[in-house]
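A closer look at the structure
So the chains spell out like this:
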Amino acid sequence: MTSGSRRAPSSSLKSRLALSSLALRRKAAQMASPAAGTGYCSQTSWALRRLGVGGSAFASAVAPRRRSFSVSAAAGFDNQNREYVIVGGGNAAGYAARTFVEHGMADGRLCIVSKEAVPPYERPALTKGYLFPPEKKPARLPGFHTCVGSGGQRQTAEWYKENGIEVLYEDPVEAFDGKTQTLKTSSGKILKYGSLIISTGCAAARLPEKIGGDLPGVHYIRDVSDADSLVSSLGNAKKIVVIGGGYIGMEVAAAACGWNLDTTIIFPEDHIMPRLFTPSLAEKYEELYEQNGVKFVKGALIDKLDAGSDGRVSSAVLKDGSVVEADTVIVGIGAKPAVSPFEAVGVNNEVGGIEVDSMFRTSIPGIFAIGDVAAFPLKMYNRIARVEHVDHARKSAHHCVETLLTSQAKAYDYLPYFYSRVFEYEGSSRKIWWQFYGDNVGETVEVGNFDPKIATFWIDSDSRLKGVFLESGTSEEFSLLPKLARSQPIVDKARLKSATSVEDALEIFGTAASFEKSGPQRQ
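It should be emphasised that the depicted structure is a prediction, and the values quoted were computed from it without experimental measurement. (Residues numbered from 1 in each chain as written. Predicted model: local features only at pLDDT ≥ 70, side-chain atom pairs only at ≥ 80, totals over all residues. Heavy atoms only, no water.)

**Here's the deal with the overall build of the chain**
Note the cut-off: By definition, any uninterrupted DSSP run of H or I lasting at least four residues is a helix, any uninterrupted run of E lasting at least two residues is a strand, and each is numbered from the N terminus. In what follows, a contact means two residues having at least one pair of non-hydrogen atoms within 4.5 Å.
Looking only at helices and strands, the chain has 13 helices and 26 strands in total. In the chain, once contacts between residues fewer than 6 apart in sequence are set aside, the share between residues at least 24 apart is 63%.

So this is what it looks like as structure tokens:
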């Protein structure tokens, strides 16, 4: 705490006040919810029934939970700040912490439990600027701690201390007991919580060990230590293979071009970014990558990764028997929500993740989930979704904490947003920055020649705009995209198809001001 800062009453009085406040909140929760206060088995039963488990299956599901544990009422606890606990130290945790501070509810009340050795940071940097070679000014901590990604204050370790936030580093939670409202960490610490926010994010999908997925020189990227290991490999690499043609694959391959490395991307689909890009759009990006020396192996599956005489990875062997040499391999084949050890809170089987309502409340009172791990109602499209993106991590964190600390009852109304920035290192012949808003469903209309701009519009059967993609737009053009995607105007498709430039296409929708007056607005 900084000298001269105002303090609350003595720590013992603060503790009594916090416990009194916590008791009142628990009593209110019990009165408000028929499921609350009926015991851990009742709450767990409800969560399991949502997954289709009941009767004797419920007993067998609860009995073998190896990570269950119990804590006696007299046991001591290893966290000083017990009113609010955030499990997970990623982007969402950092933005949640900022919201607690803004409400004056962090000092002496908030504890963050993280598996990482550093405070939360802006993760997009890990597959972009962090991978640039030393002479091209790579991103490094503390330069991109949260919340600089949204123009906020840089939240270093000192910031957390100054704001009275307790952070437990390198000690992930391994067990959870909803009855006693306690957590157990990998080091054996027992932590107490009043309200719990699950912000565990995702873990990288890995290749099996038996086919070489854990060989030296094989990398996965989820945290800064992973990125450090990859940077070390890139410094000595000559030939790299990137497995996967999605976000990770595109961004890592672009960064590798800054090292002038022999780079090959291998993936099973017909083109890169298959979840978003149309074949025509993908073709243009692939041509740009090929101009930068990147090679593509499409429609290919990995059979195994072989090691050389030194034990390091030496090649990728494909299912068709062909071999691609590599001394460094980066695997980017997706991610899995890190729901353990919170499965009993309620997991959505369709999209993965912990199911929450429109205010990020789980089925158990006092427990919330945010960021990548949350399966939440996507109000605009009337479906349950799980979004792995920094924009949702930031916004869900803020909305959740506002719900927890205030009387806010506004439903989370998220507009899907994705972007990428690549080839931004010094000396690059062309920097790339695209943005997408909305839903990529329906017929597509492509406008522009990718020199440098190109736009793609997704239009449904009722001629309503559902999604919009723009490459190399101006700040004014980018600012128009969310207005278009949220309002979903009716489009004159013939006129749009006849547009000769991106500027002409956007002009069809009018200026942002006039556009907002057309059609109903979604709030």
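**Some points on helix α4 (residues 91-102)**
For clarity, the cut-off: Expected span, for any helix, means 1.5 Å times one less than how many residues it has. Note on classification: 1.4 Å probe, protein chains only; a residue is buried when its accessible area is under 20% of the maximum for its type, exposed when over 50%, partly exposed between these limits.
For α4, built from 12 residues, the straight-helix expectation of 16 Å at 1.5 Å per residue is met to within 8% by its first-to-last C-alpha distance of 17 Å. Counting buried residues in α4 gives 9 out of 12 residues, a clear majority hidden from the surface. Directly after α4, the chain includes G104, whose backbone phi takes a positive value near 70°.

**Brief notes about the environment of A374**
Locating A374 in the fold gives a position in strand β20 (residues 374-378). With relative accessibility at 0%, the residue A374 sits in the buried group. In this structure, the C-alpha to C-alpha distance between A374 and V351, residues 23 residues apart in sequence, is 9.5 Å.

**Some words on the confidence of the model for the chain**
To keep things clear, this is the line we draw: Confidence of the predictor at the level of single residues is captured by pLDDT, which takes values from 0 to 100.
Overall, the prediction assigns the chain a mean pLDDT of 87, with 83% of residues at 70 or greater. Residue range residues 1-68 is modelled with pLDDT below 50. Its contacts to residues more than four positions away, or to other chains, number 65 contacts.

**A few points about the environment of C111**
Considering the arrangement of structural elements, one finds C111 in strand β2 (residues 110-113). In this structure the C-alpha to C-alpha distance between C111 and V87, which are 24 residues apart in sequence, comes to 8.6 Å. Contact partners of C111, with chain neighbours within four places excluded, come to N79, N81, Y84, V85, I86, E166 and L168.

**Notes on the sheet that holds strand β18 (residues 354-355)**
Which entries qualify depends on this criterion: One requirement defines pairing of two strands: DSSP has to find at least two bridges between them.
On the basis of which strands lie adjacent, the open sheet formed by 3 strands has the order β18-β20-β21 and mixed pairing. At either margin of the open sheet sits one strand with a lone partner, and together these are β18 and β21 (383-385). Direction of pairing for β18 relative to β20: parallel, over a ladder of 2 bridges. Its bridge partner lying in β20, E355 is registered against A375.

**Notes on the packing of aromatic side chains**
Quick note on the threshold: Pairing of aromatic rings covers Phe, Tyr and Trp, the last through its six-membered ring, and needs centres within 6.5 Å; plane angles under 30 degrees mean stacked, over 60 mean edge-to-face, and all others mean tilted. Geometrically, a charge over a ring is one whose NZ (Lys) or CZ (Arg) sits within 6 Å of the ring centre while staying within 35 degrees of the ring normal.
Across all of its chains, the model carries 27 aromatic pairs by this definition. When the centroid spacing of 5.6 Å and the interplanar angle of 85° are considered together, the rings of F277 and F469 count as edge-to-face. Of this pair, F277 sits in the loop between β11 (262-266) and α8 (279-291) while F469 sits in strand β26 (residues 465-471), and the two are 192 residues apart along the sequence. Overall, F277 belongs to the buried group, its relative accessible area being 3%. Taking the centre distance of 5.8 Å and the plane angle of 25° together, the rings of Y417 and Y419 count as stacked. Look at Y419 and you get buried, because its relative accessible area is 15%. Every member of this aromatic cluster is reached through a ring pair, and the members are F132, F267, Y289, F296, F423 and Y425. The ring centre of W433 lies 4.0 Å from the NZ or CZ of R421, which sits over that ring.

**A few points about the pattern of salt bridges**
Oppositely charged side chains may form a pair once their charged atoms are brought near each other. Put simply, the test is: Here a salt bridge means any side-chain nitrogen of Lys or Arg lying within 4 Å of a carboxyl oxygen belonging to Asp or Glu.
Using the criterion set out here, one finds 25 salt bridges in the structure. Within the structure, one salt-bridge network assembled from shared partners comprises E443, K493 and K497.

**Some points on the sheet that holds strand β15 (residues 323-325)**
Put simply, the rule is: Here the axes come from fitting lines to C-alpha atoms, over the contacting stretch only for helices, and the angles between their N-to-C directions go from 0 to 180 degrees.
Here 3 strands make up an open sheet; going across it, the order is β13-β14-β15 and the pairing antiparallel. Each edge of the sheet is formed by a strand with only one pairing partner; in this case those strands are β13 (302-307) and β15. Each strand axis lies, on average, 25° off the axis of its neighbour in the sheet, ignoring direction. Inspection of the sheet shows strand β14 (residues 313-318) paired to β15 by 3 bridges, in the antiparallel sense. Its bridge partner being in β15, V317 is matched across the sheet by V323.

**Concerning unusual backbone geometry**
Going from L141 to P142, the amide bond is cis rather than trans, its omega being 10°. The amide bond that connects D451 to the next residue, P452, takes the cis arrangement and shows omega of 0°. Position of P452 among the secondary structure elements: in the loop between β24 (443-447) and β25 (454-459). Although it is not a glycine, N260 sits at a positive phi angle of roughly 60°. With respect to the helices and strands, the residue N260 is situated in the loop between α7 (247-257) and β11. On the basis of relative accessibility, which here comes to 69%, the residue N260 falls in the exposed class. Although it is not a glycine, F360 adopts a positive phi angle of roughly 70°. In this fold, F360 is placed in the loop between β18 and β19 (367-369). On the basis of relative accessible area, F360 is assigned to the buried category, the value being 0%.

**What about the pairing of strand β10 (residues 239-243)?**
What counts here: Here, the term right-handed applies to a crossover whose path from the first strand over the helix to the second runs clockwise when the strands point away from the viewer.
Burial analysis of β10 places 4 of its 5 residues in the buried class, the great majority of the element. In this fold, the crossover linking β10 to β11 by way of α7 has right-handed handedness. Two strands pair when backbone bridges link them, and β10 and strand β16 (residues 328-331) are joined in this way by 4 bridges, in the parallel orientation. Along β16, the bridge assignment pairs I240 with T328.

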